[in-house]
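# Coordinate analysis (summary)
Residues per chain are reported as follows:
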Amino acid sequence: MPELPEVETIARGLAPEVLGRTILAVQVLDPSALKPSPEAFLALALNQTIAGVGRRGKLLLLHLASPAPHANHNDHNNDHNASTSSSGILAIHLRMTGRVMAYAPGITPDKPRAILNLSGGVALSFADVRRFGSMHAFAPGEIDAWPFYRDLGPEPLTLAASDFRSRLTGSRSRIKALLLDQHVIAGIGNIYADEALFRASIRPTTPASALSPRQLNALHAAIQAVLTQAIAENGSSIRDYRTAHGDAGAFQNHFQAYGRAGKPCTRCQVPMVSAKVAGRTSTYCERCQK
DNA sequence: ACGGATTCCTGATGGC
DNA sequence: TGCCATCAGGAATCCG
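None of these values were measured; they are calculated from a predicted model. (Residues numbered from 1 in each chain as written. Chains lettered and ligands numbered in written order. Predicted model: local features only at pLDDT ≥ 70, side-chain atom pairs only at ≥ 80, totals over all residues. Heavy atoms only, no water.)

### Regarding the sheet that holds strand E2 (residues 34-35)
- Strand order across the open sheet formed by 5 strands is E2-E9-E5-E4-E3, with mixed pairing between neighbours. Only two strands of the sheet have a single neighbouring strand rather than two, namely E2 and strand E3 (49-56).
- Looking at chain direction, E2 and strand E9 (residues 134-138) are connected through 2 bridges and run parallel. In the strand pairing of E9, Lys 35 is matched with His 136.
- Seen against the sheet, helix H2 (residues 38-45) touches E2, strand E4 (59-65), strand E5 (89-93) and E9 and runs at an angle of roughly 55° to E9. (Pairing = 2+ DSSP bridges. Helix = DSSP H or I, 4+ residues; strand = E, 2+ residues; numbered from the N terminus. Contact = heavy atoms within 4.5 Å. Axes fitted to C-alpha atoms, helices over the stretch in contact; angles between N-to-C directions.)

Take a look at the structure:
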């Protein structure tokens, strides 16, 4: 499931393929993929140029810009052109099975829900078998009013340890529930929550309020380390995730917790156990994680 | 304030 | 082999 490292990998791979290209057409194969509506999406995206590729939490962001206006006697360009510098945004949430790929003509991606045909013969496809994901189009400035975006917590890779501690210490919720809560920290999902808790030797069921500053510092460091390593490995491919070029990631080969129930702990060899925490399967070592 | 259940959706998996 | 139940999970929402 695409979490921060997977979305970051897709963004990095996508950028050189799509930057500066114009959205010439949108093939709508599943209207429910496009928000707020296919019509609104088309109106905001068509003839816009992709001026930036970014990420916020698990959201993939395509920053749009109006192409430089031609000298055209039909236009009434008395503007000072301030409006053309502000940009709309396409925000893509892949949820569980979403894939975003850039490909050349002749290549057929797996069952896309939508395809953006870009200038230069490049296509950008959005596929998503389970159809939980979506592509949202926003007019300039509107994304800041979108509750999901507006209420995202800070980015874990640039979050100071002191700020991380202060966001968690007040809560009596179990630590894993907080790590998964996008309002607390943005971008962590089930895989990296389990991996970070294992590295920090913290049990997912521990109330945040029971963690010492030292433990919170260790967790902060573990989160940054595991996310950084996962990005370096192009993310984790359990089943559906692929990079923007259709390749699998490699970090799944380094899992120490996620999906390892019944297998020996990499540290103490005791079999890992799993339990439902915050509604998610959580795998941990009863001996190493307290 | 917090946890649990439910909803959305489809493919993989395991039991019989 | 074929069928059915179960599971996987991000996030919103409702309920206790």
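That was the structure; now back to the text.
### Observations regarding the protein's contact with DNA strand B
- Close to DNA strand B lie Val 129, Arg 130, Arg 131, Phe 132, Ser 171, Arg 172, Ser 173, Arg 174 and Arg 239.
- A share of 68% is what sugar and phosphate atoms reach among the atoms of DNA strand B within 4 Å of the protein.
- Contact distances for DNA strand B include 2.6 Å between a phosphate oxygen and a backbone N or O atom of Arg 172.
- Here Ser 173 contributes a side-chain N or O atom positioned 3.3 Å from a sugar or linking oxygen of DNA strand B.
- Here the residues of the surface near DNA strand B sort into 2 nonpolar, 2 polar and 5 charged. (Near = heavy atom within 4 Å. Polar contact = N/O pair within 3.5 Å; in protein donor to acceptor, adjacent residues only side chain to side chain. Nonpolar A, V, L, I, M, F, W, Y, C, P; charged D, E, K, R; others polar.)

### Some remarks on the pattern of salt bridges
- The full count for this structure, using the stated rule, is 9 salt bridges.
- The partner of Arg 12 in a salt bridge is Glu 8, and the shortest N-O contact between them spans 2.8 Å. On the criterion of helical spacing, the pair formed by Arg 12 and Glu 8 is a turn pair, its members being 4 residues apart in helix H1 (residues 4-18).
- A relative accessible area of 16% means that Glu 8 is categorised as buried.
- Glu 155 is the salt-bridge partner of Arg 56, the closest N and O atoms lying 3.0 Å from each other. On the criterion of sequence distance, the pair formed by Arg 56 in strand E3 and Glu 155 in the loop between helix H4 (147-150) and helix H5 (161-168) is long-range, its members being 99 residues apart.
- Judged by relative accessible area, Glu 155 falls into the buried class, the value being 15%. (Salt bridge = Lys/Arg side-chain N within 4 Å of Asp/Glu carboxyl O. Buried < 20%, exposed > 50% of the residue type's maximum accessible area, 1.4 Å probe, protein only.)

### Overview of unusual backbone geometry
- In this chain, Lys 35 is followed by Pro 36 through a cis amide linkage whose omega measures 0°.
- Looking at where Pro 36 falls in the secondary structure, it is placed in the loop between E2 and H2.
- Despite not being glycine, Arg 95 has its phi angle at roughly 45°, a positive value.
- Relative to the helices and strands, Arg 95 is located in the loop between E5 and strand E6 (98-103).
- Non-glycine residue Gln 269 carries a positive phi angle of around 75°.
- Checked against the element boundaries, Gln 269 lands in the loop between helix H8 (213-232) and strand E10 (273-277).

Keep in mind that these numbers describe shape and distance, not what the molecule does.
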